[in-house]
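Observations on the model geometry
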There are 2 protein chains.
Amino acid sequence: MPNPHLPTALLASALLFALAPALSAQPALSSTPAKPRSMQQIIDESKPPDWRRIDPANTLVMELDAGRVVIELAPQIAPQHAENIRTLAREGFWNGLSINRSQDNFVVQWGDPAEDESKRKPLGSAKTKLPAEFERVRAKDAAFDVLPDADGWAPQVGFVEGFPAGRDPANGATWLAHCYGMVGAGRDIAADSSTGAELYVVTGQSPRQLDRNITTVGRVVEGIELLSTMPRGTGPLGFYEKREQRTPIRAIRLASELPERERPALEAMRTDTAAFTELVEARRNRRDDFYKRPAGHIDLCNVPLPVRVADAKTKGAK
Amino acid sequence: MPNPHLPTALLASALLFALAPALSAQPALSSTPAKPRSMQQIIDESKPPDWRRIDPANTLVMELDAGRVVIELAPQIAPQHAENIRTLAREGFWNGLSINRSQDNFVVQWGDPAEDESKRKPLGSAKTKLPAEFERVRAKDAAFDVLPDADGWAPQVGFVEGFPAGRDPANGATWLAHCYGMVGAGRDIAADSSTGAELYVVTGQSPRQLDRNITTVGRVVEGIELLSTMPRGTGPLGFYEKREQRTPIRAIRLASELPERERPALEAMRTDTAAFTELVEARRNRRDDFYKRPAGHIDLCNVPLPVRVADAKTKGAK
């Protein structure tokens with residue numbers, strides 16, 4: 001089976017003329033402190049408890065002619081939108097719809113291309129009205145894996161079960177951050193006008209000004225490159241002007257409804273482990289020979305969130 | 001002539017079902033404070049002194065079969081690399097070379113695809129060794145248009161003649177920031193191993209950890225979408241594995257060497273004006289009806305840097 005698309009930040013970011021990264025020699029003295037592990041070493045040497053299986057009941061699988069895109073939903077923050085999206089997927093709402101917008105350095109968006117409301121596809125059993133779920137007030141002791149680095153947009157940043165998030169410690173309000181690959185629910189002017197039928201993914205510089213202004217519903221965990229390379233639309237906001245420019249969506253299905261052999265079996269690195277903390281530090285201060293000056297800082301949206309194919313042994317039947 | 005590619009951030013970022021953004025009614029009372037101008041209004045109502053002509057002697061024009069990419073060089077920070085790049089362009093070094101790498105959420109890179117050093121194209125009159133120009137110590141009174149928003153990567157951020165930059169006020173060290181669209185010079189492990197023959201552009205989340213670690217040479221001001229949509233390479237770091245995957249570069253030329261009718265005539269908004277300060281505030285705190293909570297912050301790499309076709313009247317002969 002094809003390898004899942006690993007987040008590109010997983011690979012060394014060295015910009016080299018040669019295709020092979022240089023390796024530095026390690027001194028043999030036992031009193032020399034070991035060089036900090038690189039991100040790739042941390043991942044390669046990680047243990048099963050450092051990873052969590054992505055739940056198929058929270059996983060959308062989008063089939064395009066070019067391949068598949070896999071999205072993990074975040075019901076912890078937007079439970080009603082997650083449920084509506086599951087319903088829409090179960091009923092095949094998006095099957096035959098299209099990618100309708102690709103705006104450079106911003107988003108790719110998909111759903112019903114019909115401009116005329118009377119021509120729009122009915123939502124089936126899904127709700128036509130949901131509350132805005134821009135943020136969720138969570139208990140002060142609710143799990144939040146803090147990223148200690150300063151952030152200009154939020155009082156505190158970190159991860160909620162693997163999703164990049166902002167938080168207000170004063171009241172526990174928590175929201176997902178619009179990092180690259182994050183998926184949100186398009187809406188009109190009214191705050192409560194999203195249903196999850198119209199979705200977009202961030203494919204450029206993180207538009208963090210959208211945090212707390214729109215319901216975010218999940219993250220692309222595989223296949224983002226199929227969306228990020230979509231030709232840019234020539235209409236306003238990057239909407240496509242001609243029907244033939246809209247890439248058809250063959251289907252969007254819930255992974256739990258797929259036959260097991262078709263189901264993506266992915267795992268994401270947990271964000272509440274010593275391994276992850278070490279990984280973040282390895283990216284905060286790069287110690288490979290390419291970097292001359294470690295940054296001493298990392299932004300929330302620069303933190304890699306590794307995803308890989310789950311261990312074939314634990315998968316069961318192939 | 002075709003319109004130059006305006007930065008997409010120039011357009012309203014509203015995510016709507018409908019294609020037409022909603023407009024809110026303005027109350028008629030004269031005592032009501034005027035609604036702050038939107039970015040588009042500021043641009044539409046700007047005056048000629050708010051813009052600066054992009055100097056053709058600092059402008060590269062890359063011709064691909066799909067169209068052209070225009071890059072403004074930044075000799076203020078990397079004068080030796082800028083001069084070497086001008087020499088390479090004048091002598092047609094890149095003509096017939098290719099785009100060799102496209103890594104999702106990171107960079108697109110171009111130059112000589114030959115892996116074997118002995119097969120590399122000679123640099124002609126250009127220098128084969130340049131000093132690293134990662135940053136430049138500038139006089140304390142050198143022009144630097146401060147962006148007052150906190151930044152985790154640099155003690156101070158702002159703009160140097162329109163280029164996003166970091167600065168250390170203690171000693172005047174100034175460097176360009178790796179925002180979307182910024183162009184840098186690929187190098188090997190040695191700090192002084194770039195010549196400008198290998199170039200890359202940022203096409204994903206700003207990799208600010210590269211600031212002060214590599215020589216940045218300029219910014220794409222038109223045509224970024226031709227590069228950001230390049231299919232991702234399947235080799236390590238997004239390098240293409242097969243020759244037929246490498247998009248050919250027909251030519252990279254210096255705009256000042258082109259016949260006037262072929263020369264891009266572009267102007268960029270100045271970053272040292274009241275209009276620009278107002279534009280940044282309009283993006284820092286969005287006041288259109290879509291946004292329910294203005295962010296009160298903006299990151300350096302979220303600040304739009306508008307570019308447009310220069311006034312036909314000032315262009316001279318068409």
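Residues numbered from 1 in each chain as written. Chains lettered and ligands numbered in written order. Predicted model: local features only at pLDDT ≥ 70, side-chain atom pairs only at ≥ 80, totals over all residues. Heavy atoms only, no water.

Within chain A, the regular secondary structure consists of five helices and 16 strands. For chain A, the residues scored as buried account for 58% of the 318 residues in total. Long-range pairs, those at least 24 residues apart, make up 72% of the contacts in chain A between residues at least 6 apart in sequence. Working note: accessible area of chain A is about 13,200 Å², and carbon and sulfur atoms make up 52% of it. (Helix = DSSP H or I, 4+ residues; strand = E, 2+ residues; numbered from the N terminus. Buried < 20%, exposed > 50% of the residue type's maximum accessible area, 1.4 Å probe, protein only. Contact = heavy atoms within 4.5 Å. Areas by Shrake-Rupley, 256 points an atom, 1.4 Å probe, with all protein chains shown as cover.)

Screw-axis analysis of chain B against chain A gives a translation of 0.0 Å along the axis, an RMSD of 0.0 Å, and a rotation angle of 180°. Expressed as a symmetry operation, the mapping of one chain copy onto the other fits a two-fold axis. Same-surface contact between copies: 100% of interface residues of chain B are shared with the interface of chain A. (Least-squares fit on C-alpha atoms with pLDDT ≥ 70 in both.)

Taken as a whole, this structure holds six aromatic pairs over all chains when the rule is applied. Between phenylalanine 159 of chain A and phenylalanine 276 of chain A, the aromatic rings sit 5.3 Å apart at their centres with planes inclined by 90°, giving edge-to-face as the arrangement. Taken as a pair, phenylalanine 159 of chain A in strand 8 (residues 156-160) and phenylalanine 276 of chain A in helix 4 (residues 274-284) lie far apart in primary sequence, 117 residues in all. Residue classification places phenylalanine 159 of chain A among the buried residues on the basis of a relative accessible area of 1%. Relative to tyrosine 291 of chain B, the ring of phenylalanine 290 of chain B lies with its centre 5.7 Å away and its plane at 75°, an arrangement referred to as edge-to-face. Assigned by exposure class, phenylalanine 290 of chain B and tyrosine 291 of chain B land together as buried. Positioned over the ring face of tryptophan 175 of chain A is arginine 212 of chain A, at 3.8 Å from the centre of the ring. (Phe/Tyr/Trp six-rings, centres within 6.5 Å; stacked < 30°, edge-to-face > 60°. Lys NZ or Arg CZ within 6 Å of the ring centre and 35° of its normal.)

Residues and elements named next belong to chain A. All told, the structure shown has two disulfides over all chains when counted by the stated rule. Paired through a disulfide, cysteine 179 and cysteine 301 show a sulfur-sulfur distance of 2.1 Å. Linking cysteine 179 and cysteine 301, the disulfide has an S-S dihedral of approximately -75° and is accordingly described as left-handed. Linking cysteine 179 in the loop between strand 10 (173-176) and strand 11 (182-185) with cysteine 301 in the loop between helix 4 and strand 16 (307-309), this pair joins segments that are 122 residues apart in sequence. The pair cysteine 179 / cysteine 301 is uniform in exposure class, with both members buried. (Disulfide = S-S within 2.5 Å.)

In this section: the sheet that holds strand 6 (residues 136-137) of chain A. Residues and elements named next belong to chain A. Read from one edge to the other, the open sheet built from five strands follows the order 6-10-9-8-7, with strand pairing classed as antiparallel. Two strands bound the open sheet, and with one partner strand each, they are strand 6 and strand 7 (145-147). Here strand 8 runs beside strand 9 (residues 163-168); their pairing, made up of five bridges, is antiparallel. Within strand 9, the residue paired with glutamine 156 across the bridge is arginine 167. (Pairing = 2+ DSSP bridges.)

Residue and element names in this part refer to chain A. In the predicted model, chain A carries a mean pLDDT of 90, and the fraction of residues at 70 or more is 87%. Low confidence marks residues 1-28, where pLDDT is under 50. Its contacts with residues over four positions away, or in another chain, come to 76 contacts. Low pLDDT, under 50, characterises residues 314-318; the predicted model gives this stretch nine contacts beyond four residues in sequence or across chains. Interface confidence for the predicted complex, given as ipTM, is 0.90, next to a pTM of 0.90. (pLDDT = per-residue confidence, 0-100.)

We now examine the UniProt feature "domain: PPIase cyclophilin-type" (unreviewed entry) in chain A. Feature annotation in UniProt places "domain: PPIase cyclophilin-type" (unreviewed entry) on residues 65-256 of chain A, given in this structure's numbering. The span residues 65-256 of chain A is 9% helix and 29% strand, and its two end C-alpha atoms sit 21 Å from each other. (UniProt positions renumbered as here; feature names shortened; annotations may be inferred.)

This paragraph deals with the side chain of glutamine 156 of chain B. All names here are of chain B. As for its position among the elements, glutamine 156 is in strand 8 (residues 156-160). Within the structure, glutamine 156 has its side chain in polar contact with the side chain of arginine 167 (distance 2.7 Å). What glutamine 156 contacts, discounting residues up to four positions off in sequence, is Phe144, Val146, Ala165, Gly166, Arg167 and Pro169. (Polar contact = N/O pair within 3.5 Å; in protein donor to acceptor, adjacent residues only side chain to side chain.)

Residues and elements named next belong to chain A. The assigned domain composition of chain A is domain 1 (35-53 + 267-311) and domain 2 (55-258). A C-alpha centroid distance of 25 Å is found between domain 1 and domain 2. Taken together, the contact pairs 15 residues of domain 1 with 22 residues of domain 2. It is Leu300, Cys301 and Leu305 in domain 1 that bury the most area against domain 2; as a group they hold 43% of the surface buried on that side. Put simply, domain 1 and domain 2 have two salt bridges between them. Across the pair arginine 52 and glutamate 72 runs a salt bridge whose closest N-O atoms are separated by 2.8 Å. Counting every contact that joins domain 1 to domain 2 gives eight residue pairs in polar contact (both at pLDDT 80 or more). Residue contributions to the side of domain 1 that touches domain 2 peak at three residues, all from helix 4. Here the side of domain 1 that touches domain 2 is built from residues that sort into eight nonpolar, two polar and five charged. (Domains from an automatic or database assignment. Buried area = accessible area lost by both parts, 1.4 Å probe. Salt bridge = Lys/Arg side-chain N within 4 Å of Asp/Glu carboxyl O. Nonpolar A, V, L, I, M, F, W, Y, C, P; charged D, E, K, R; others polar.)

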